[in-house]
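An overview of the molecular structure
Listed below, chain by chain, are the residues.
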Amino acid sequence: MICETYQIRAEGSGDQANLTTYLISPSEEICVKRRPLIFICPGGGYCFVSDREAEMFALQWNAYGFHAAVLRYSIAPAVYPTALLELGKAMQMIKEHAKEWDVNPDQIILEGSSAGGHLAASFGMFWNRPFLAKELGVDSGMLRPAGMILNYPVITSGQYAHDESFQNLLADRYDALKEELSLEHQVSADTPPTFLWHTNEDGLVPAENSLLLALEMRKFNIPVELHLYAKGGHGLALADERTMDRDGGAIEKECQSWMALAYRWMKEVILK
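Residues numbered from 1 in each chain as written. Predicted model: local features only at pLDDT ≥ 70, side-chain atom pairs only at ≥ 80, totals over all residues. Heavy atoms only, no water.

**Description of the pattern of salt bridges**
- Taken as a whole, this structure holds five salt bridges when the rule is applied.
- The shortest N-O distance in the salt bridge between E216 and K219 comes to 2.9 Å. Of the two residues, E216 and K219 both sit in helix α8 (residues 208–219), three residues apart, roughly one turn of that helix.
- Under the relative-accessibility criterion, K219 is labelled exposed at 60%.
- Put simply, R242 and D240 hold a salt bridge, and the shortest N to O gap is 2.6 Å.
- The structure contains a network of salt bridges with shared partners spanning E225, R264 and E268. (Salt bridge = Lys/Arg side-chain N within 4 Å of Asp/Glu carboxyl O. Helix = DSSP H or I, 4+ residues; strand = E, 2+ residues; numbered from the N terminus. Buried < 20%, exposed > 50% of the residue type's maximum accessible area, 1.4 Å probe, protein only.)

Take a look at the structure:
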């Protein structure tokens, strides 16, 4: 494996903003030359970046034969659109180095968990908006993701909002921008295919966040797959002992199938 960390900087970035790549080493014995890449945005309510949804995810995707990369984006007191611009700069870096890193630039899939799901989905909605290309100084085509995997994502700022995430993201512009950043209202025909999973028992980020997004995507005939598990709280990560929390929790056997389901979905929808 080739593992490197690169500093990522945008206006307002904190010192911790970086991209770590987990690239499968090339081999003359393996005929695969260019691999898909899973671009991971961990959660944390825009107030921290969760380790439980970072490297362990990358290593599991490596085991499935994907390259992976983890973005540790800026958090509060950094405010919107700093993290979004960091994601854009990191996407640009990956695509510019695609040949060198043996990455298929047309098969870069964003993955986000909780508030990281909001960040990934924001990019999925805004990748071709003129303001983003202008801020990053690139053509919008350079920013296009092939798809999204959203794990119990923060989506809406409405009735079912995780309000703390929006407060951290927007600070004193909360009232002015919270409707714009309620992502079920930003779906368009250019939103990429999406895999969603949530739990019915999530008491922090209600399952309606995923349901609302899936309903809007259906209106635009965008390929979407949604799994709503009956049991399990918020922030399950891999839902097994590999990512259990400090209290020995976040283990839910029923939910452990999500990554295999996401892999099957990618093979059928994106990697055909």
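**Some points on the nonpolar core**
- Ranked by size, the top nonpolar core spans 57 residues in total, and within it L19, F39, L71, Y73, I94, L119 and F123 carry the most contacts.
- Of all the elements, helix α2 (residues 82–96) adds the most residues to this core, at eight residues.
- A68, I109, A146 and A250 belong to the second-largest nonpolar core, a separate cluster that totals 30 residues. (Core = buried A, V, L, I, M, F, W, Y, C linked by side-chain atoms within 4.5 Å.)

**Concerning helix α9 (residues 258–269)**
- With 12 residues, α9 should cover 16 Å at 1.5 Å per step; its first-to-last C-alpha distance of 16 Å lies within 8% of that length.
- Those residues of α9 not exposed but buried are W258, M259, A262, W265 and M266. Down the axis, α9 shows its buried residues gathered within 120° of arc, on one side only.
- On the buried face of α9, the contacting elements are β3 (35–41), α1 (55–63), β5 (103–113), β6 (147–151), β7 (194–199) and β8 (224–229). (Expected span 1.5 Å × (residues − 1). Arc of directions from axis to C-beta. Contact = heavy atoms within 4.5 Å.)

**Regarding the packing of α1 against α9**
- Look at α1 against α9: their axes get within 12 Å of each other, and the N-to-C directions meet at 50°. Relative to α9, α1 is oriented oblique. Once α1 is placed against α9, the crossing between them reads as right-handed. Mapping the contact onto sequence places F57, Q60 and W61 in α1 and W258, M259, A262, Y263 and M266 in α9.
- A breakdown of the residues in the contact of α1 with α9 according to their chemical character gives seven nonpolar, one polar and no charged. (Axes fitted to C-alpha atoms, helices over the stretch in contact; angles between N-to-C directions. Parallel < 35°, antiparallel > 145°, perpendicular 65-115°, else oblique. Left-handed = near helix turned anticlockwise from the far one by under 90°. Nonpolar A, V, L, I, M, F, W, Y, C, P; charged D, E, K, R; others polar.)

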